[in-house]
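These are the residues of each chain, in order.
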Amino acid sequence: MPLVRIDALGADPGRLDALSRAVHEALVETLGIPDDDRFHILTGHDGAHGTLRYGDYLGIHRDEGIVYVVITMRSGRTPGQKQAMYRRIAELAHAYAGTDPRNVFVTVTENEPIDWSLGHGIAQYVTPPA
């Protein structure tokens, strides 16, 4: 049950949808996330009312094509699975949205089953619905 937030500079709804599809397919392929488990928050920044900042940290030259992908998910994935996920997100973001892989910035935050309520005020991973 990942929760994904995608922020992109100068992104119209079509590009945001393509980025969302890229991230979701990568999660399904590399982590085995169920296909119908898609909870994404998509935000395009126009540079005037909202913008994104970036630098050339670690020698990676980023530009106005920057995309931030923030994934919150339950803990338990191996470093190898995460590396495969990062690689696949960058590949699919390039294929679907034309985003240069150097501009795909991904971060993962992990938590525990008790940290999720998927509706009805119940922590479904701890107390399954009756």
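Refer to the structure presented above.
Residues numbered from 1 in each chain as written. Predicted model: local features only at pLDDT ≥ 70, side-chain atom pairs only at ≥ 80, totals over all residues. Heavy atoms only, no water.

**Details of the environment of Val67**
No. 1: For Val67, the location among the structural elements is in strand β3 (residues 67-74).
No. 2: Distance in space between the C-alpha atoms of Val67 and Leu19 is 8.7 Å, their sequence separation being 48 residues. (Helix = DSSP H or I, 4+ residues; strand = E, 2+ residues; numbered from the N terminus.)

**Considerations on the environment of Gln81**
No. 1: When you line up the elements, Gln81 lands in helix α2 (residues 79-97).
No. 2: Classification of Gln81 as partly exposed rests on a relative accessible area of 27%.
No. 3: Through-space distance from the C-alpha of Gln81 to that of Ile6 is 20 Å; in sequence the pair is 75 residues apart.
No. 4: Apart from residues no more than four positions distant in its own chain, Gln81 is found in contact with Thr30, Leu31 and Gly76.
No. 5: Separated by 2.8 Å, the side chain of Gln81 and the backbone nitrogen of Thr78 make a polar contact. (Buried < 20%, exposed > 50% of the residue type's maximum accessible area, 1.4 Å probe, protein only. Contact = heavy atoms within 4.5 Å. Polar contact = N/O pair within 3.5 Å; in protein donor to acceptor, adjacent residues only side chain to side chain.)

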